[in-house]
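Results of the structural survey
Below are the chains, spelled out letter by letter.
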Amino acid sequence: MTAAVGDTITTSANGENETMSCATPRPHPARPRRRPARHRAAPLPLARFPARAPWLLVAAAVMVVVGISAPSAGAAEPIVRGPYLQAATGDAVVVSWEWATPQAGVVEYRRVVDEHLAAGLLGRAGEQQRDAEIARRTLRATALIPARFHSLRLRGLAPGNRYRYRVTAGVVADGSAARGGGAGGGAAPDASAWYEFRAAPGIGQPFSFAVYGGSRGDRRKHREVAARIAADGRLAFVAHTGDMVSAAGDRLTWDREFFGPAGETLARLPLLSCPGRGESDAAGYRRALAWPEGPEPSSRHYSCQYGDAAFFVLDAADPAAPLTESSPQIAWLARALEQQPGAWRFVMVNPPLYSSGEAGSDMRLRALLRKRLTGRAHVVFSGGDRQYERTFVSPDRVLYVVTAGGGSPLGKRANPYRNEGSGAFVSAHHYVRVGVDGDRARIDVVGVNGAVLDRVEIKSAGHCVAGEPRVFTAAELKAENARAETERAARPPAAALMPGETAPAAGDANAPRETGGEPALSLEKSAALAEAAVGEGARAVELWRGDRDGRRVAEWRVARGALCWLVTVDEREGAVLSQARDGLLPSNLPAAALPRAVEVAAQAARVVPGARVSVVRLVAEGETCGLEVALIGPDAVPRRFRRSLADSALREEAPPPIGAGDEGF
């Protein structure tokens, strides 16, 4: 890792968490110039002071010292950038942030399922005991060296699981942060809000990610694209094809053009970045993004594994090291494509190899890279030309995608002769959504209004595309967009504000706006709906609010006696959306059957004192149906009970054979 001159970088270890901290020393203040004698005030005669004046001076000095130092001991030191996520690969993720002044910091993180389990087990035991149990399940990574900028790598994440995290000032002393509030509360003065992200999936698990680029210049448009990405509930991370900012060496430009518009998105979706022409200042790029870690200390090219996919990012934007046949980066690419495992191979490079936009194809780069990509890559994503364009090179069986509609002024089709194989060209602000599932991948181009502008499906055959891609026709896209619009009209969309974002100030042209629909329900009414779904005697405590699958929802923990349920309420429609969930796993139980399920679960829990509910589901019983409850007793032995909805008989089922049980067993 490399920093600019004047930076001090210290690498330390805390358990399995790697710490990277950057501190820029401040220059010593200049010695004040002594004024000429004619401008200095004449000394006051001692006769003007009473005899006890020395004691008054001492007391005043003490008051000044106390008055200056006392508030600073507990003063809040706000986060001026971040937190934001990078490098969600394997079982790890990198969390980065910047303080206003140099200080130590802590990242607290825990699995969402652990938080729900603690709340479910101790829902009747009081708030203090519940918070203590949640704190016990919270992991911490500490940056011990005071610095303004920190990056911590969190390891040991379970594949595909959701995690909540926040950044807190101070260090860990006795199992809790020195400052920053309780385990289950909101943001403290010197702590960030709680954010949620999903760990990288395991091999064979499907996933989706977003790709966009060209975000410099118009921060309002960039904010619209970033908000649309954040509202897409299917995405696991976001990749950027370059041209993030207008001047990579200027810190304020990064905050104004990149971290400002996309900050809330990057707090939830890890970033994979590719340097573009806007990031030609390598030192400025490194100061803003501590990761990626390339094969050499100062390199900006790298490869990484994510689920079934391997990503290869090239640095073709550094004017000090242009790519040639003898470049070390070219030799690295050949080795990495051969050695990096992955059923899918995605390459990112800026500028584009195939483009009919105003900048056109980079013919020299195409001649250099094409022979190395043929038969070794499925899709090449590029920025550099301000449009979306799709080109499939049949002899090579490689799909080339230009996506740079993230906020910059749009370009037009100016040089079609440079890219005769172009299959689609769209001049609109957008992002690209890529869904990977087994040997198939679907690529959707999504506009800022949510409409799909282009769609293509490809199939993997080794390390290249099998046959011609399936291109969806304009009629198919029109029909799907009409269907989606009908659904949005029937179910008003969520507010454009992202979770954790405050309402914009009046007259702020760059702030997102409401997209229509009825205002969100009050928390009191939302809680009442959740309690009514569980039944009489239920008590709701809020766990989470935010956007999910295009809806503004509130997720409530609802306790009734010894049992705890998680219920999700649509804040606009006032409907209980999700299936009922207990403290450990979601069930497939319709909301209408929730009160009956609570009754059956309570009846089963009385048979096994001290047991916790693991799964409740509807099961077929001939022409009727029944409810099945799975419990885990104090002895950790799973037991199943079933009751027909036609009568009140509760019977215990034989335990399932090993390997055929529920996920929680």
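Because the structure is predicted, anything quoted here is derived from the model rather than measured.

1. Here's the deal with the overall build of the protein
- Scanning the protein from N- to C-terminus turns up 11 helices and 29 strands.
- For the protein, buried positions account for 50% of its 665 residues.
- The long-range share in the protein, meaning contacts at least 24 apart out of those at least 6 apart in sequence, stands at 65%.
- Summed over all atoms, the accessible surface of the protein reaches about 29700 Å², with 55% contributed by carbon and sulfur.

2. Observations regarding the nonpolar core
- Counting residues in hydrophobic clusters, the biggest one holds 60 residues, and the most contacted among them are Val107, Tyr165, Phe209, Phe311, Phe346, Phe381 and Val434.
- Top contributing element to this core by residue count: strand β4 (residues 92–111), with 7 residues.
- If sequence neighbours within four positions are ignored, Phe346 has contacts with Phe209, Ala309, Ala310, Phe311, Phe312, Val379, Phe381, Val434 and Val436.
- Core analysis: the next-biggest nonpolar cluster, separate from the first, contains 25 residues, Tyr212, Val225, Leu266 and Tyr285 among them.

3. Comments concerning the environment of Gly105
- Along the polypeptide, Gly105 turns up in strand β4.
- Taking the relative accessible area as the measure of exposure, Gly105 reaches 0% and is therefore buried.
- Beyond its immediate stretch of four places on either side in the chain, Gly105 contacts Trp97, Trp99, Ala141, Thr142, Ala143, His150, Thr168, Ala169 and Gly170.

4. Structural notes on the packing of aromatic side chains
- Applying the stated criterion across every chain yields a total of 19 aromatic pairs.
- Note on Phe209 and Phe311: the rings are 5.3 Å apart at their centroids and 80° apart in plane angle, and the pair reads as edge-to-face. Of this pair, Phe209 sits in strand β8 (residues 207–212) while Phe311 sits in strand β12 (residues 309–313), and the two are 102 residues apart along the sequence. Summarising the burial analysis for this pair, Phe209 and Phe311 share the class buried.
- Taken together, the aromatic side chains of Phe207, Phe209, Phe237, Tyr306, Phe311, Trp344, Phe346 and Phe381 make up a single cluster linked through ring pairs.

5. Observations concerning the packing of helix α7 (residues 328–339) against helix α8 (residues 363–373)
- Between α7 and α8, the least distance of the axes is 10 Å, while the angle of their chain directions is 20°. In terms of orientation, α7 and α8 fall into the roughly parallel class. When you trace α7 past α8, the crossing you get is right-handed. In this structure, α7 contributes Ile330, Leu333 and Leu337 to the contact, and α8 contributes Leu368, Leu369, Arg372 and Leu373.
- When the residues that make up the contact of α7 with α8 are grouped by side-chain class, the tally is 6 nonpolar, no polar and 1 charged.

6. What about empty space enclosed by the protein?
- What the rule picks out here adds up to 2 cavities of 30 Å³ or more.
- Size it by volume and the second largest cavity reaches roughly 40 Å³.
- Surrounding the second largest cavity, Ala87, Ala88, Thr89, Phe237, Pro270, Leu272 and Tyr306 form its lining.
- It is strand β3 (residues 79–89) that contributes the most residues to the lining of the second largest cavity, 3 residues altogether.
- Tallied by class, residues from the lining of the second largest cavity come to 6 nonpolar, 1 polar and no charged.

7. Here's the deal with the packing of helix α4 (residues 219–231) against helix α5 (residues 251–266)
- Running from N to C, α4 and α5 cross one another at 20°; their axes reach a closest spacing of 8 Å. It follows that α4 is roughly parallel to α5 by the angle criterion. Considering how the two elements wind past one another, α4 and α5 form a crossing that is right-handed. Touching Arg219, His222, Arg223, Ala226, Ala227, Ile229 and Ala230 of α4 are Arg256, Glu257, Phe258, Gly260, Pro261, Ala262 and Thr265, all from α5.

8. A look at unusual backbone geometry
- Following Gly82, the chain continues to Pro83 via a peptide bond in cis, the omega torsion being 5°.
- A cis geometry characterises the amide bond from Asn350 onward to Pro351, with omega recorded as 15°.
- Topologically, Pro351 is positioned in the loop between β13 (344–349) and α8.
- Here the phi dihedral of Ala87 falls at roughly 55°; this positive angle occurs in a residue that is not glycine.

9. Some thoughts on α5
- The terminal C-alpha atoms of α5, which comprises 16 residues, lie only 18 Å apart, well short of the 22 Å expected from a rise of 1.5 Å per residue.
- At Phe259, α5 is bent by approximately 55°, the largest bend along its length, and proline Pro261 sits one to four residues beyond.

10. Brief notes about the sheet that holds strand β14 (residues 379–382)
- Spatial strand order, β11-β12-β13-β14-β16-β15-β17: 7 strands in an open sheet with mixed pairing. Looking at the sheet topology across the chains shown, the edges are occupied by β11 (302–306) and β17 (422–426). With direction set aside, neighbouring strand axes in the sheet form an average angle of 15°.
- In terms of strand pairing, strand β15 (residues 388–393) meets β17 through 4 bridges, oriented antiparallel.

Calculation notes
Residues numbered from 1 in each chain as written. Predicted model: local features only at pLDDT ≥ 70, side-chain atom pairs only at ≥ 80, totals over all residues. Heavy atoms only, no water. Helix = DSSP H or I, 4+ residues; strand = E, 2+ residues; numbered from the N terminus. Buried < 20%, exposed > 50% of the residue type's maximum accessible area, 1.4 Å probe, protein only. Contact = heavy atoms within 4.5 Å. Areas by Shrake-Rupley, 256 points an atom, 1.4 Å probe, with all protein chains shown as cover. Core = buried A, V, L, I, M, F, W, Y, C linked by side-chain atoms within 4.5 Å. Phe/Tyr/Trp six-rings, centres within 6.5 Å; stacked < 30°, edge-to-face > 60°. Axes fitted to C-alpha atoms, helices over the stretch in contact; angles between N-to-C directions. Parallel < 35°, antiparallel > 145°, perpendicular 65-115°, else oblique. Left-handed = near helix turned anticlockwise from the far one by under 90°. Nonpolar A, V, L, I, M, F, W, Y, C, P; charged D, E, K, R; others polar. 1 Å grid on protein atoms, 1.4 Å probe; cavity = no way out; pocket = protein on both sides within 12 Å on 5 of 7 lines; lining within 4 Å. Points joined across faces, edges and corners; volume = space filled by probe spheres on them. Expected span 1.5 Å × (residues − 1). Bend = angle between axes of the 7 residues up to and from the residue. Pairing = 2+ DSSP bridges.

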